[in-house]
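Okay, here's what each chain looks like letter by letter:
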Amino acid sequence: MIAIIDYGMGNLRSIHKAFEHVGHPAVVTRSPAAIADASHVVLPGVGAFPDCMRNLERFGLIEPIHRAIRSGKPFLGICLGLQLLFTEGEEFGPHPGLAVLKGRVVRFPIGMGGAAGLKIPHMGWNRVTLVKPVAFFRGIATGAYFYFVHSYYVVPEDQTIVATTTSYGSEFVSSIQRENL
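Counting restarts for each chain: residues are numbered from 1 in the order of the written sequence. It should be noted that, the model being predicted, local features are given only for residues of pLDDT at least 70 and side-chain atom pairs only at 80 or more, the latter also being counted only at that level, while totals for whole chains, interfaces and linings use all residues. Only hydrogens and water are set aside; all other atoms, that is, all heavy atoms of the structure, feed into the side-chain values.

Participant: Sorry, what's going on with the pattern of salt bridges here?
Facilitator: Between side chains of opposite charge, a pair can form as their charged atoms come close. By definition here, a salt bridge exists when the distance from a side-chain nitrogen of Lys or Arg to a carboxyl oxygen of Asp or Glu is within 4 Å. For the structure shown, the criterion picks out eight salt bridges. The partner of Arg 67 in a salt bridge is Glu 63, and the shortest N-O contact between them spans 3.8 Å. In this pair, Arg 67 and Glu 63 both sit in helix H4 (residues 62-71), four residues apart, roughly one turn of the helix. A salt bridge links Arg 104 to Glu 88, with the shortest nitrogen-to-oxygen separation between them at 3.0 Å. A helix here means a DSSP run of H or I that spans at least four residues, while a strand means a run of E at least two residues long, and both kinds are numbered starting from the N terminus.

As structure tokens, this is what we get:
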């Protein structure tokens, strides 16, 4: 069973439906026991970094997330769910994250792209470049398109965890992979 963590915001239903569509049973939950019992854990994303961290704390989900990651079970952070894994996010000022990974979550620069007129948020289909082979992207070619809607991106201290990058005014890290993450 896949546990999709419900922190009171996010794209829970679409993530749940996606797993159902590909034949993997999943449950949307705030239960520490359900997270502990799950074979896989997903931290979805939509919302503001500090609000999400407050909700994770309010619902008692920070330690269950840390335990799930330490246990070695596969853990997928999607969008904000990935960003929360880092030390700090700068949305609405500096705020601590889950600190599973060292690094920061930073905003795309305002006015980036100069004459290209790139807008923030970065929204729409864009290509990913595979930096290293990871099981999650098996069968997906470098240059494949993914859909993006974000104004912030991760800057890991450890560049060996970078799985893909994407170009939007400059190159940014679009996914990571380390052990079970």
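Participant: How should the nonpolar core be read in this particular structure?
Facilitator: As a rule of thumb, nonpolar side chains are buried together in soluble globular proteins. Buried residues of nine kinds, namely Ala, Val, Leu, Ile, Met, Phe, Trp, Tyr and Cys, make up a nonpolar core once their side-chain atoms join them within 4.5 Å. The cut-offs for exposure are 20% and 50% of the maximum accessible area for each residue type, with area from a 1.4 Å probe on protein chains only; residues under the lower value are buried, those over the upper are exposed, and the others partly exposed. Counting 33 residues, the largest nonpolar core has Leu 43, Leu 56, Ile 65, Leu 84, Leu 85, Phe 86 and Leu 98 as its most contacted members. At four residues, the largest contribution of residues to this core is made by helix H3 (residues 49-58). Contacts are residue-level and defined by heavy atoms, with any inter-residue pair within 4.5 Å sufficient. Excluding residues within four positions of it along the chain, Leu 98 makes contact with Leu 43, Met 53, Leu 56, Ile 62, Ile 65, His 66, Leu 84, Leu 85 and Phe 86.

Participant: Just to check I follow, could you spell out the sheet that holds strand S1 (residues 2-5) for this structure?
Facilitator: Either a parallel or an antiparallel arrangement is found when strands of a sheet pair, and the pairing is made through backbone hydrogen bonds. Here four strands make up an open sheet; going across it, the order is S2-S1-S3-S4 and the pairing parallel. This sheet does not close on itself; its edge strands, each paired only once, are strand S2 (26-29) and strand S4 (75-77). Strand-to-strand twist of the sheet, defined as the mean angle between neighbouring strand axes without regard to direction, takes the value 20°. Whether two strands pair comes down to DSSP finding at least two bridges between them. An axis is simply a line fitted to the C-alpha atoms; with a helix, the fit covers only the stretch in contact. Between two such axes, the angle follows the N-to-C directions and lies from 0 to 180 degrees.

Participant: Help me understand the pairing of S1, please; the structure alone is not making it clear to me.
Facilitator: The two faces of the sheet receive side chains in turn, since in a regular strand these alternate between them. Going residue by residue along S1, you find Ile 2 and Ile 4 tucked away on one face and Ala 3 and Ile 5 tucked away on the opposite face as well. As paired elements, S1 and S2 share four bridges and run parallel to each other. By the bridge assignment for S2, Ile 4 is matched with Val 28. Handedness rule for crossovers: strands pointing away from the viewer, path from the first strand over the helix to the second running clockwise, crossover right-handed. At this point the chain moves from S1, through helix H1 (residues 12-21), to the parallel S2, and the crossover so formed is right-handed. Taken together, the three bridges between S1 and strand S3 (residues 40-43) define a ladder with parallel strand orientation. By the bridge assignment, Ile 4 is partnered in S3 with Val 42.

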